[in-house]
Amino acid sequence: MLKIVLISGKRKCGKDFVSERLQRRLGSRSRIVRISEPIKSEWARKLQLDLDALLSDGPYKEKYRRDMIVWSDEVRARDYGYFCRVAMEEALSRQQTPYILVSDVRRKNDIKWFRETYGAEKVITLRLTSRPETRCARGWTFTAGIDDVPSECDLDDLADGFDFVLANDEELDQEAIDLLLDKLQLQYR
Ligand SMILES: Nc1ncnc2c1ncn2[C@@H]1O[C@H](COP(=O)(O)OP(=O)(O)OP(=O)(O)O)[C@@H](O)[C@H]1O
(Lines give C-alpha, C1' and ligand atoms only; values in the text may rest on other atoms or scores of the structure.)
Protein backbone atom coordinates (compact mmCIF):
# COMPACT_ATOMS: atom_id res chain seq x y z
CA MET A 1 0.00 0.00 0.00
CA LEU A 2 1.18 3.50 -0.84
CA LYS A 3 2.40 5.41 2.21
CA ILE A 4 3.42 9.04 2.09
CA VAL A 5 5.52 10.47 4.90
CA LEU A 6 5.25 14.25 5.16
CA ILE A 7 8.42 15.54 6.82
CA SER A 8 8.46 19.04 8.28
CA GLY A 9 10.62 21.09 10.60
CA LYS A 10 12.22 24.47 10.85
CA ARG A 11 15.27 25.46 8.85
CA LYS A 12 18.31 23.30 9.62
CA CYS A 13 16.31 20.80 11.67
CA GLY A 14 17.56 18.15 9.27
CA LYS A 15 14.65 17.51 6.89
CA ASP A 16 16.96 16.64 3.99
CA PHE A 17 19.37 14.76 6.21
CA VAL A 18 16.74 12.55 7.86
CA SER A 19 14.88 12.00 4.56
CA GLU A 20 18.06 10.80 2.91
CA ARG A 21 18.92 8.48 5.81
CA LEU A 22 15.41 6.97 5.70
CA GLN A 23 15.53 6.65 1.93
CA ARG A 24 18.90 4.93 2.00
CA ARG A 25 17.60 2.34 4.46
CA LEU A 26 14.35 1.78 2.56
CA GLY A 27 16.17 1.52 -0.76
CA SER A 28 14.26 1.02 -3.98
CA ARG A 29 10.88 0.82 -2.23
CA SER A 30 11.05 4.55 -1.50
CA ARG A 31 11.84 7.85 -3.06
CA ILE A 32 12.18 11.44 -1.90
CA VAL A 33 9.89 14.12 -3.28
CA ARG A 34 10.62 17.79 -2.71
CA ILE A 35 7.80 20.33 -3.00
CA SER A 36 10.47 22.98 -3.41
CA GLU A 37 11.74 21.37 -6.61
CA PRO A 38 9.05 22.72 -8.97
CA ILE A 39 9.23 26.04 -7.10
CA LYS A 40 12.95 26.23 -7.74
CA SER A 41 12.81 25.00 -11.32
CA GLU A 42 10.06 27.45 -12.28
CA TRP A 43 11.91 30.25 -10.47
CA ALA A 44 15.20 29.37 -12.18
CA ARG A 45 13.49 29.34 -15.56
CA LYS A 46 11.83 32.70 -14.91
CA LEU A 47 15.06 34.42 -13.88
CA GLN A 48 17.53 32.26 -15.85
CA LEU A 49 19.33 31.09 -12.70
CA ASP A 50 21.52 28.05 -12.02
CA LEU A 51 19.00 25.35 -11.01
CA ASP A 52 21.61 22.95 -9.59
CA ALA A 53 22.98 25.64 -7.29
CA LEU A 54 19.45 26.56 -6.27
CA LEU A 55 18.69 22.93 -5.41
CA SER A 56 21.84 22.46 -3.35
CA ASP A 57 22.20 23.39 0.32
CA GLY A 58 24.33 26.54 0.11
CA PRO A 59 24.51 30.33 -0.10
CA TYR A 60 23.02 30.48 -3.60
CA LYS A 61 19.75 28.97 -2.32
CA GLU A 62 19.73 31.38 0.66
CA LYS A 63 20.24 34.37 -1.65
CA TYR A 64 16.97 33.68 -3.45
CA ARG A 65 14.97 32.10 -0.61
CA ARG A 66 13.01 35.20 0.41
CA ASP A 67 12.01 36.12 -3.17
CA MET A 68 10.99 32.53 -3.90
CA ILE A 69 8.80 32.50 -0.78
CA VAL A 70 6.99 35.68 -1.87
CA TRP A 71 6.45 34.47 -5.43
CA SER A 72 5.41 30.92 -4.46
CA ASP A 73 2.94 32.35 -1.92
CA GLU A 74 1.26 34.25 -4.75
CA VAL A 75 0.92 31.03 -6.72
CA ARG A 76 -0.38 29.17 -3.63
CA ALA A 77 -2.97 31.88 -2.97
CA ARG A 78 -4.55 30.98 -6.31
CA ASP A 79 -4.09 27.20 -5.99
CA TYR A 80 -2.79 25.83 -2.67
CA GLY A 81 -2.00 22.40 -4.07
CA TYR A 82 -0.13 23.65 -7.14
CA PHE A 83 3.45 22.80 -6.12
CA CYS A 84 2.49 19.58 -4.30
CA ARG A 85 0.67 18.40 -7.42
CA VAL A 86 3.49 19.26 -9.84
CA ALA A 87 6.11 17.63 -7.57
CA MET A 88 4.06 14.43 -7.18
CA GLU A 89 3.11 14.20 -10.87
CA GLU A 90 6.72 14.59 -11.88
CA ALA A 91 7.91 12.01 -9.34
CA LEU A 92 5.25 9.40 -10.10
CA SER A 93 5.73 9.74 -13.85
CA ARG A 94 9.36 8.67 -13.41
CA GLN A 95 9.13 5.91 -10.78
CA GLN A 96 6.33 4.34 -8.72
CA THR A 97 7.39 3.26 -5.24
CA PRO A 98 5.26 2.13 -2.30
CA TYR A 99 6.81 4.71 0.03
CA ILE A 100 7.20 8.40 -0.68
CA LEU A 101 9.12 10.71 1.62
CA VAL A 102 8.16 14.35 1.10
CA SER A 103 11.11 16.13 2.62
CA ASP A 104 9.99 19.75 2.83
CA VAL A 105 6.41 20.12 4.05
CA ARG A 106 5.82 23.64 5.34
CA ARG A 107 2.09 24.42 5.29
CA LYS A 108 -1.15 23.14 6.74
CA ASN A 109 -2.45 23.30 3.19
CA ASP A 110 0.31 20.94 2.01
CA ILE A 111 -0.91 18.34 4.52
CA LYS A 112 -4.51 19.04 3.58
CA TRP A 113 -3.73 18.54 -0.13
CA PHE A 114 -1.99 15.19 0.43
CA ARG A 115 -4.82 13.91 2.65
CA GLU A 116 -7.48 15.02 0.17
CA THR A 117 -5.62 13.64 -2.83
CA TYR A 118 -4.38 10.29 -1.52
CA GLY A 119 -6.63 9.63 1.51
CA ALA A 120 -5.75 10.40 5.14
CA GLU A 121 -4.95 6.73 5.86
CA LYS A 122 -1.99 6.85 3.45
CA VAL A 123 -0.46 9.99 4.93
CA ILE A 124 1.88 10.08 7.95
CA THR A 125 3.21 13.35 9.37
CA LEU A 126 6.71 13.48 10.87
CA ARG A 127 7.88 16.65 12.62
CA LEU A 128 11.58 17.23 13.21
CA THR A 129 12.71 19.53 15.99
CA SER A 130 16.19 20.76 16.90
CA ARG A 131 17.30 23.16 19.59
CA PRO A 132 18.16 26.67 18.34
CA GLU A 133 21.82 26.13 19.27
CA THR A 134 21.93 22.93 17.20
CA ARG A 135 20.44 24.77 14.24
CA CYS A 136 22.95 27.61 14.67
CA ALA A 137 25.81 25.11 14.68
CA ARG A 138 24.44 23.83 11.35
CA GLY A 139 24.57 27.32 9.85
CA TRP A 140 21.21 28.84 10.75
CA THR A 141 20.86 32.48 11.69
CA PHE A 142 17.51 34.10 12.33
CA THR A 143 16.52 36.09 9.24
CA ALA A 144 13.52 38.41 9.23
CA GLY A 145 11.27 37.77 6.24
CA ILE A 146 12.28 34.09 6.23
CA ASP A 147 12.04 32.78 9.80
CA ASP A 148 9.00 34.80 10.81
CA VAL A 149 6.71 34.18 7.83
CA PRO A 150 4.15 31.41 7.14
CA SER A 151 6.56 29.23 5.13
CA GLU A 152 8.49 28.73 8.38
CA CYS A 153 5.75 29.17 11.02
CA ASP A 154 2.51 27.85 9.55
CA LEU A 155 2.96 24.40 11.10
CA ASP A 156 3.80 25.77 14.57
CA ASP A 157 0.16 25.46 15.61
CA LEU A 158 -1.08 22.40 13.73
CA ALA A 159 -4.45 21.74 15.39
CA ASP A 160 -4.50 17.95 15.32
CA GLY A 161 -0.75 17.59 15.87
CA PHE A 162 1.79 15.43 14.08
CA ASP A 163 1.73 11.64 14.01
CA PHE A 164 5.39 11.52 15.09
CA VAL A 165 7.91 14.03 16.42
CA LEU A 166 11.67 13.38 16.31
CA ALA A 167 14.16 15.49 18.25
CA ASN A 168 17.08 15.68 15.83
CA ASP A 169 19.93 17.09 17.87
CA GLU A 170 22.32 14.16 17.96
CA GLU A 171 24.03 11.91 15.44
CA LEU A 172 21.47 9.40 14.21
CA ASP A 173 22.96 5.91 14.16
CA GLN A 174 21.48 2.97 12.25
CA GLU A 175 19.54 1.84 15.29
CA ALA A 176 17.84 5.24 15.61
CA ILE A 177 16.89 5.18 11.94
CA ASP A 178 15.51 1.63 12.22
CA LEU A 179 13.55 2.59 15.32
CA LEU A 180 12.03 5.53 13.47
CA LEU A 181 11.12 3.31 10.51
CA ASP A 182 9.50 0.83 12.90
CA LYS A 183 7.41 3.62 14.43
CA LEU A 184 6.39 4.82 10.98
CA GLN A 185 5.59 1.19 10.12
CA LEU A 186 7.71 1.25 6.98
CA GLN A 187 9.33 -2.04 6.03
CA TYR A 188 13.05 -1.94 5.35
CA ARG A 189 13.96 -5.61 5.30
N1 LIG B 1 21.34 14.15 13.05
C2 LIG B 1 22.27 14.84 12.38
N3 LIG B 1 23.57 14.50 12.53
C4 LIG B 1 24.53 15.18 11.88
N5 LIG B 1 24.31 16.20 11.00
C6 LIG B 1 23.04 16.56 10.79
C7 LIG B 1 21.95 15.90 11.45
N8 LIG B 1 20.82 16.49 11.04
C9 LIG B 1 21.17 17.44 10.15
N10 LIG B 1 22.50 17.50 10.00
C11 LIG B 1 23.27 18.45 9.14
O12 LIG B 1 22.74 19.76 9.36
C13 LIG B 1 22.70 20.50 8.17
C14 LIG B 1 21.28 20.98 7.91
O15 LIG B 1 20.44 19.84 7.68
P16 LIG B 1 19.40 19.80 6.49
O17 LIG B 1 19.91 20.47 5.26
O18 LIG B 1 18.93 18.41 6.36
O19 LIG B 1 18.27 20.73 7.14
P20 LIG B 1 16.89 21.19 6.50
O21 LIG B 1 15.86 21.10 7.58
O22 LIG B 1 16.62 20.41 5.25
O23 LIG B 1 17.23 22.71 6.20
P24 LIG B 1 16.55 23.75 5.16
O25 LIG B 1 15.14 24.01 5.64
O26 LIG B 1 17.43 24.95 5.30
O27 LIG B 1 16.61 23.13 3.78
C28 LIG B 1 23.24 19.60 7.06
O29 LIG B 1 24.59 19.88 6.85
C30 LIG B 1 23.06 18.19 7.65
O31 LIG B 1 24.02 17.30 7.15
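Going by an unreviewed UniProt entry, the protein chain carries the name Phosphomevalonate kinase and comes from Drosophila erecta. According to its UniProt record, the protein chain has this under Pathway (unreviewed entry): "Isoprenoid biosynthesis; isopentenyl diphosphate biosynthesis via mevalonate pathway; isopentenyl diphosphate from (R)-mevalonate: step 2/3."

Asks: How do you make sense of the site of the ligand when you look at a structure like this?
Replies: Lining the immediate environment of the ligand, one finds 17 residues, of which Lys-15, Phe-17, Arg-65, Asn-168 and Glu-170 sit closest. Take Asp-16: an N or O atom from its main chain is 3.1 Å from an oxygen atom of the ligand. Here the ligand has 630 Å² of accessible area as a free molecule, and 81% of this is covered by the chains. Counting only elements with at least two residues in the shell around the ligand, the list comes to helix H1 (15-26) and helix H4 (59-78). Considering each element in turn, the shell around the ligand owes the most residues, three residues, to H1. Among the residues making up the shell around the ligand, the classes are represented as three nonpolar, two polar and 12 charged.

Quick notes on the rules
- Residues numbered from 1 in each chain as written.
- Predicted model: local features only at pLDDT ≥ 70, side-chain atom pairs only at ≥ 80, totals over all residues.
- Heavy atoms only, no water.
- UniProt positions renumbered as here; feature names shortened; annotations may be inferred.
- Near = heavy atom within 4 Å.
- Polar contact = N/O pair within 3.5 Å; in protein donor to acceptor, adjacent residues only side chain to side chain.
- Areas by Shrake-Rupley, 256 points an atom, 1.4 Å probe, with all protein chains shown as cover.
- Helix = DSSP H or I, 4+ residues; strand = E, 2+ residues; numbered from the N terminus.
- Nonpolar A, V, L, I, M, F, W, Y, C, P; charged D, E, K, R; others polar.

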